[in-house]
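Architecture at a glance
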Amino acid sequence: MMDLTRNQFFLIGFVALLLGLEFRAVEAFELNAEFSQVLFKQAAPPLAAVNSASQTFAGTQGPVVKKTVRPPDWLGWSLMSIGGVLILHSWAMKKPGA
C-alpha cells in the first residue's frame, strides 16, 4: 500500500476546502433535463417506468422537469474544516526527499 505524501495531503485538503467554499456560496444546484430524467428513471417504481416508456413511444412527452438540489449547511462547513485540518497536517509533515 502506498503512503500519502505531504503534497498529496495538501492537494486533498485544498480541494476539500474549495468544495466547502463552493457549497457555502451556492444555495441550490439546478440539474439539466437529461440528468434529471436519469435520476427520475432510477427513483421511479417499475410501473411508472412502463408508463413513461409508453408515453415516449406515443409521442406524448410531458413538460421537462428539472431537479433542484439544495445541499445542507453542514456540508460546506464540514468540508472546509476537513480541508483546513488536512492542509495544516501537510505542513507538519516532513518534506519529500528529506
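This text follows the structure it describes.
Bear in mind the structure is a predicted one, so any value in this text is a computation, not a measurement.

**As for a nonpolar patch on the surface**
On the surface, a cluster of nonpolar side chains totalling about 610 Å² of accessible area is made up of Phe10, Phe14, Leu18, Leu21, Leu88 and Trp91. For the nonpolar patch, the elements supplying multiple residues, two or more each, are helix H1 (6–25) and helix H4 (73–92). The dominant element in the nonpolar patch, judged by the number of residues it contributes, is H1, at 4 residues. You can call Leu88 exposed: its relative accessible area is 54%.

**Description of the packing of H1 against H4**
Viewed as axis vectors pointing N to C, H1 and H4 meet at an angle of 155°, and their least axial separation amounts to 7 Å. In terms of orientation, H1 lies roughly antiparallel with respect to H4. As for the relative orientation of H1 and H4, their crossing is left-handed in sense. Grouping the amino acids of the contact of H1 with H4 by side-chain chemistry returns 16 nonpolar, 6 polar and 3 charged.

**Some words on the pattern of salt bridges**
Counted according to the given criterion, the structure contains 1 salt bridge. For the salt bridge of Asp73 with Arg24, the shortest nitrogen-to-oxygen distance reads 3.6 Å. A residue pair is termed long-range when its members are at least 10 positions apart, and Asp73 in helix H4 and Arg24 in helix H1 qualify at 49 residues.

**Structural notes on the packing of aromatic side chains**
Counting across every chain of the model gives 2 aromatic pairs. Measuring from ring centre to ring centre gives 6.2 Å for Phe10 and Phe14, while their planes differ by 10°; the resulting arrangement is stacked. Placement of the pair is Phe10 and Phe14 together in helix H1, with a separation of 4 residues, close to one helical turn. Judged by relative accessible area, Phe14 falls into the partly exposed class, the value being 38%. Judged by centre distance (5.9 Å) and plane angle (85°), the rings of Phe23 and Phe29 are edge-to-face.

Thresholds, definitions, all that
Residues numbered from 1 in each chain as written. Predicted model: local features only at pLDDT ≥ 70, side-chain atom pairs only at ≥ 80, totals over all residues. Heavy atoms only, no water. Patch = residues over 30% accessible without salt bridge, like charges linked within 9 Å, V, L, I, M, F, W, Y side chains within 5 Å. Areas by Shrake-Rupley, 256 points an atom, 1.4 Å probe, with all protein chains shown as cover. Salt bridge = Lys/Arg side-chain N within 4 Å of Asp/Glu carboxyl O. Helix = DSSP H or I, 4+ residues; strand = E, 2+ residues; numbered from the N terminus. Buried < 20%, exposed > 50% of the residue type's maximum accessible area, 1.4 Å probe, protein only. Axes fitted to C-alpha atoms, helices over the stretch in contact; angles between N-to-C directions. Parallel < 35°, antiparallel > 145°, perpendicular 65-115°, else oblique. Left-handed = near helix turned anticlockwise from the far one by under 90°. Nonpolar A, V, L, I, M, F, W, Y, C, P; charged D, E, K, R; others polar. Phe/Tyr/Trp six-rings, centres within 6.5 Å; stacked < 30°, edge-to-face > 60°.

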